[in-house]
Structure formats: C-alpha cells, structure tokens
Amino acid sequence: IETMTNKKEFEIPFSGLKLGSHSFDFKIEDSFFEDYKLEELNNVDVSIAVHLEKKTNMLVLKFELAGQIALICDRCTDQFIQPINHDFDLIVRFSDITDQSDNEELLILSHNDHTISLDDYFHEFVLLSLPTKRAHSDIEDCNQETISKIEEMGYYSSEEEIEIDPRWADLKKIKTKK
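Residues numbered from 1 in each chain as written. Predicted model: local features only at pLDDT ≥ 70, side-chain atom pairs only at ≥ 80, totals over all residues. Heavy atoms only, no water.

1. Let's talk about the nonpolar core
Here is step 1 of the chain: In this structure, Phe63, Leu118 and Phe122 are the most contacted members of the largest nonpolar core, which totals 40 residues.
Here is step 2 of the chain: Elements with a contribution of two residues or more to this core: β2 (20–29), β3 (42–54), β4 (58–72), β5 (79–94), β6 (106–109) and α1 (119–129).
Here is step 3 of the chain: Look past the residues within four positions of Phe63 in its chain and what remains in contact with it is Ile48, Ala49, Val50, His86, Asp87, Phe88, Leu90, Leu118, Phe122 and Phe125. (Core = buried A, V, L, I, M, F, W, Y, C linked by side-chain atoms within 4.5 Å. Buried < 20%, exposed > 50% of the residue type's maximum accessible area, 1.4 Å probe, protein only. Helix = DSSP H or I, 4+ residues; strand = E, 2+ residues; numbered from the N terminus. Contact = heavy atoms within 4.5 Å.)

Structure representation (structure tokens):
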C-alpha cells in the first residue's frame with residue numbers, strides 16, 4: 001500500500017542523540033491528512049515544534065502546535081479560519097514489556113527501538129486542538145443569507161431568547177452566580 005505522505009519525515013532517530021535537550025520542527029499541511037481520509041480539514045497550515053529531553057531511561061517530549069485550519073461553520077456552512085495554538089506532552093519509557101499503557105501521555109517502546117514515529121500523534125493532536133463547536137466566533141461573520149433562511153424556517157433565532165422551563169430557572173441563577 002502506497003501512502004500519500006512520507007512517514008519517515010515525521011520520525012525522530014533518538015538513539016544517536018546525546019543526553020539533554022533537542023528541538024525539531026515539523027510542518028503539517030493538507031497532504032498530511034490524505035491518508036486519514038479527513039476531507040473536512042482544508043488549508044491546513046500548522047507548525048509543530050517538538051522539544052525532546054533525552055534522559056538515561058526515558059524521553060520527555062513537549063509538542064507546541066501553532067497555525068490555522070479552514071473549517072466549515074456549523075451555523076452557516078461557510079468556510080472560516082480556525083487558529084490552532086495548543087501544547088501537548090508525551091513521556092516515552094523503555095521496557096522489554098511493550099504493552100501499551102492506559103495513560104495517553106505515556107508511550108512504552110522496546111529497548112531495541114531507535115526511532116519514534118510522531119505522525120499518529122500529530123494527527124491526534126491537531127484533531128484535539130479543534131473546537132467541538134465549529135462556527136464563526138461572531139454570528140455577524142456568518143453568511144447572513146443562510147442565517148436568514150434558517151430563521152425563516154423557524155429552526156434558529158438569533159434575537160429570541162429560548163424560554164427556560166421554570167423548574168430549571170433557579171439552576172441557571174446558580175450557574176451564573178460568581
């Protein structure tokens with residue numbers, strides 16, 4: 001099976017590194033996600049700085065993601081630019097027993113491994129950086145024609161406050177109290 005991206009470019013050969021800190025920079029673009037069949041991600045422009053601290057018995061990796069991705073607005077279906085700016089950590093331990101840990105921030109590699117492949121982590125980190133509600137930050141930036149059509153159909157109203165069941169109204173007071 002031929003892959004669209006060169007997975008080797010997302011590997012770090014850690015065995016030849018001296019103890020101490022090392023930095024690596026990676027660039028993620030649309031072609032990176034072709035293998036994952038994610039058509040909803042467009043105009044991907046994300047830089048990932050990886051800071052690796054090599055210790056005698058482990059590797060500590062810090063990932064800094066910065067950039068932007070074009071997404072489709074859940075409200076108006078127009079495209080908008082979503083900034084990406086997140087940090088993630090990963091600890092790599094070495095063991096002859098390479099059963100995977102339940103801890104998502106811990107990777108266990110064999111003592112025989114000499115490189116760490118980061119492509120799956122990059123994929124996961126980019127997806128985790130995306131908001132669950134994908135919409136323009138301000139409804140005024142949405143396609144107003146689409147918003148008007150939705151309001152005409154009675155599905156959404158930007159001006160009318162949703163009436164709250166009186167049994168739950170007191171809970172809302174508690175939630176907004178500071």
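So, next bit.
2. Some points on the pairing of β3
Here is step 1 of the chain: Where β2 and β3 come together, 10 bridges link them in antiparallel fashion. Directly across from Glu29, in β3, lies its bridge partner Asp45.
Here is step 2 of the chain: The sheet contact formed by β3 and β4 spans 11 bridges and is antiparallel. Bridge pairing in β4 links Val46 to Gly67.
Here is step 3 of the chain: Counting the residues between successive antiparallel strands, the hairpin from β3 to β4 contains three residues. (Pairing = 2+ DSSP bridges.)

3. Here's the deal with α1
Here is step 1 of the chain: Restricting attention to buried positions, one finds in α1 the residues Asp119, Tyr121, Phe122, His123, Phe125, Val126 and Ser129.
Here is step 2 of the chain: Looking at the buried side of α1, the elements it contacts are β2, β3, β4, β5, β6 and β7 (116–117).

4. What to know about the pattern of salt bridges
Opposite charge on two side chains makes pairing possible when the charged atoms of those side chains draw close.
Here is step 1 of the chain: Scanning the entire structure with this criterion turns up three salt bridges.
Here is step 2 of the chain: We note a salt bridge from Lys8 to Glu11, for which the minimum N-O separation is 4.0 Å.
Here is step 3 of the chain: A relative accessible area of 60% means that Lys8 is categorised as exposed.
Here is step 4 of the chain: You can call Glu11 partly exposed: its relative accessible area is 23%.
Here is step 5 of the chain: Where Asp45 meets Lys27, a salt bridge forms, and the shortest distance between an N and an O atom there is 2.4 Å. Taken together, the residues Asp45 in strand β3 and Lys27 in strand β2 connect sequence positions 18 residues apart.
Here is step 6 of the chain: Among the residues examined, Lys27 registers a relative accessible area of 41% and is labelled partly exposed. (Salt bridge = Lys/Arg side-chain N within 4 Å of Asp/Glu carboxyl O.)

5. Here's the deal with the environment of Val126
Here is step 1 of the chain: Examined against the element boundaries, Val126 turns out to sit in helix α1.
Here is step 2 of the chain: For Val126, a relative accessible area of 0% translates into the label buried.
Here is step 3 of the chain: For the pair Val126 and Asn85, spaced 41 residues apart in sequence, the C-alpha to C-alpha distance is 9.5 Å.
Here is step 4 of the chain: Beyond its immediate chain neighbours, meaning those up to four positions away, Val126 contacts Phe33, Leu65 and Ile69.

6. Some remarks on the environment of Phe10
Here is step 1 of the chain: Along the chain, Phe10 turns up in the segment before β1 (11–12).
Here is step 2 of the chain: Placed 106 residues apart in sequence, Phe10 and Ile116 show a C-alpha to C-alpha distance of 8.5 Å.
Here is step 3 of the chain: Not counting residues up to four positions away in its chain, the partners in contact with Phe10 are Phe26, Lys27, Ile28, Phe32, Ile116, Ser117, Leu118, Asp119 and Phe122.

7. Remarks on the side chain of Gln82
Here is step 1 of the chain: Residue placement: Gln82 occurs in strand β5.
Here is step 2 of the chain: With a relative accessible area of 15%, Gln82 lands in the buried category.
Here is step 3 of the chain: For Gln82, the contacting residues outside a window of four places in its chain are Gly67, Gln68, Ile69, Leu71 and Pro131.

8. Notes on the packing of aromatic side chains
Here is step 1 of the chain: Per the stated rule, a full pass over the model turns up 10 aromatic pairs.
Here is step 2 of the chain: Plain terms: the ring middles of Phe14 and Phe94 are 5.5 Å apart, the flat faces sit at 45° to each other, and that makes the pair tilted. Separated by 80 residues along the polypeptide, Phe14 in the loop between β1 and β2 and Phe94 in strand β5 bring together distant segments of the chain.
Here is step 3 of the chain: Aromatic side chains Tyr121 and Phe125 sit 6.0 Å apart centroid to centroid with 45° between the ring planes, which places their arrangement in the tilted category. Of this pair, Tyr121 and Phe125 are both found in helix α1, four residues apart, which corresponds to roughly one turn of the helix.
Here is step 4 of the chain: Judged by its relative accessible area of 5%, Phe125 falls in the buried class. (Phe/Tyr/Trp six-rings, centres within 6.5 Å; stacked < 30°, edge-to-face > 60°.)

Any functional reading would require information that these geometric values do not contain.
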